[in-house]
Amino acid sequence: MRKARPSILILSGSILFYILSFLFTLFIHLQFVTLSNTLLFLIPLISGIFAYTIFYFIIKRFVQFRMSLIYRSIQTFENEQRKDQSIDDLVAQGEHDVKEWKQKRNQEIDKLKEQAAFRKEFLGNLAHELKTPVFSIQGYIDSLLDGGMDDPAILQTFLERASKSTERMSHILEDLDQLTKLELERIPLDIRSFDLLELVKETFESLELIAKEKKFSLFIQSSDPYCYVNADRNKLAQVFLNLTSNAISYGKENGKLTISIVQIDDTYNIQLKDNGLGIDPQHLPRLFERFYRVEKSRNRNEGGSGLGLAIVKHIIESHGQQIQVSSTVGIGTTFTFSLEKSKATGPVSSRGIPLK
Ligand code: ADP
């Protein structure tokens, strides 16, 4: 698009005005009063310059006024018009700002579309996740009502299964509630110095029974005897719990998970490496999305809510860090993230006072 140059228009108008006033002066000179040659040229010249100045200022004021109305209506930009700005600069700035505004609007529209698609997908996934346990509870209750409850063994089994499905549903809702609270930042981070090794050991202890059932081994390796970090201990506990239980769920019988903690500069780099089923690279970019499951049937980890990794990612990012994943099908999966190393070299109280 060609740039508008209103000053050229004004100049052309003034030249036209100059020619007309020259013809008019000539007419006066020939018909009524005889004028000297100087006056004959000077009068149209002065009226031309006069016309240019008047046109220029009137049009500039008009453009300034109209543009300030446009700026007010789009409300996005501060109106930065300066008094000394030429009319060409004024129009050029207006064109530039409107272009920028249009780009911003388009970006906002794209973002809204993305959010709408995300909401639709999220609701679809949530419905799907809840449908499975609800349908199975309904199935067990119907079977019991249809006479199954007369047999004490069937009654016991079906009630146990229905209870498992309710457990699964409440697990999904609890995770969803936690994720929403995290996203809305309703639970502020409680950053304190604590020993990461101790936390990992606690996680292993809490999953000992599940690991034993699968003959799954859990190992810790660390560069230091204590690994003090500045982080929210409870939230980090959730991170290790989710990642470790995933490693067990998606691991092989007799499989293993090694958590290694290595100090790099002012951080501790944490790596969780398993030798499980692995994940096809095509799934990795979407792995941390809510309800994203690698397996199509969604049945591989019946107990899982599909929100575990979304929660993990959120917690790590709220600590100002990133989590990475690499995986090879049949070989295993590795999750890596870092945490800020604490200056403390021993345990500290909730007020930051050293305990030893
Ligand atoms: P889920 O409740 O299904 O475990 P997550 O968000 O914790 O939900 O995990 C998302 C998906 O990522 C899982 O369904 C699984 O397919 C895959 N996944 C997570 N961790 C591992 C792992 N250590 N090994 C293989 N696959 C994994």
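Higher on the page you've got the structure.
How each quantity is defined
Residues numbered from 1 in each chain as written. Predicted model: local features only at pLDDT ≥ 70, side-chain atom pairs only at ≥ 80, totals over all residues. Heavy atoms only, no water. Core = buried A, V, L, I, M, F, W, Y, C linked by side-chain atoms within 4.5 Å. Buried < 20%, exposed > 50% of the residue type's maximum accessible area, 1.4 Å probe, protein only. Contact = heavy atoms within 4.5 Å. Axes fitted to C-alpha atoms, helices over the stretch in contact; angles between N-to-C directions. Helix = DSSP H or I, 4+ residues; strand = E, 2+ residues; numbered from the N terminus. Parallel < 35°, antiparallel > 145°, perpendicular 65-115°, else oblique. Nonpolar A, V, L, I, M, F, W, Y, C, P; charged D, E, K, R; others polar. Expected span 1.5 Å × (residues − 1). Polar contact = N/O pair within 3.5 Å; in protein donor to acceptor, adjacent residues only side chain to side chain. Pairing = 2+ DSSP bridges.

Colleague: Describe the nonpolar core, listing the residues and the values that go with them.
Modeller: Counting residues in hydrophobic clusters, the biggest one holds 47 residues, and the most contacted among them are Leu196, Leu236, Phe240 and Phe337. Ignoring any residue separated from it by four or fewer positions in sequence, one finds Leu236 in contact with Phe194, Leu199, Ala231, Ile315, His319, Phe337 and Leu339. In terms of nonpolar packing, the next biggest core, distinct from the first, is built from 8 residues, Ile10, Tyr56, Leu90 and Val91 among them.

Colleague: Break down the packing of helix α1 (residues 6-31) against helix α3 (residues 87-145) for me, citing the residues and quoting the values.
Modeller: It is the contact of α1 with α3, at a shortest axis distance of 7 Å, that shows an interaxial angle of 140°. Viewed along their axes, α1 and α3 adopt a mutual orientation that is oblique. In contact with Pro6, Ser7 and Ile10 of α1, α3 contributes Ile87, Asp88 and Val91. Looking at side-chain class alone, the contact of α1 with α3 contains 4 nonpolar, 1 polar and 1 charged residues.

Colleague: Account for helix α4 (residues 152-183), naming residues and giving values.
Modeller: In a regular helix each residue adds 1.5 Å, so 32 residues correspond to 46 Å; α4 covers 46 Å between its end C-alpha atoms and thus fits that length. Listed as buried for α4 are Phe158, Ala162, Ser165, Arg168, Met169, Ile172, Asp175, Leu176, Gln178, Leu179 and Leu182. In this structure, the buried residues of α4 make contact with α3, α7 (233-249) and α8 (308-318). Its side-chain oxygen 2.9 Å from the backbone nitrogen of Ala153, Asp151 forms the N-cap of α4. Looking at the residues trailing α4, positive phi occurs at Glu185, about 55°.

Colleague: Could you give an account of the sheet that holds strand β7 (residues 332-340), naming the residues involved and the relevant values?
Modeller: If you trace the 5 strands from one edge of the open sheet to the other, you get β2-β4-β5-β7-β6, paired in mixed fashion. Only two strands of the sheet have a single neighbouring strand rather than two, namely β2 (217-222) and β6 (324-328). Pairwise comparison of adjacent strand axes, ignoring direction, gives a mean angle of 15° for this sheet. In this sheet, strand β4 (residues 256-264) lies alongside β2 in parallel orientation, the contact comprising 6 bridges. Bridge pairing in β4 places Ser217 opposite Lys256.

Colleague: Give a detailed account of the pairing of strand β5 (residues 267-274), specifying residues and quantitative values.
Modeller: Examined bridge by bridge, β4 and β5 share 8 bridges and lie antiparallel to one another. By the bridge assignment for β5, Ile259 is matched with Leu272. Counting the residues that bridge the hairpin from β4 to β5 gives 2 residues, and of these Asp265 lies at a positive phi of roughly 50°. Relative to β7, β5 is paired through 7 bridges, and the arrangement is antiparallel.

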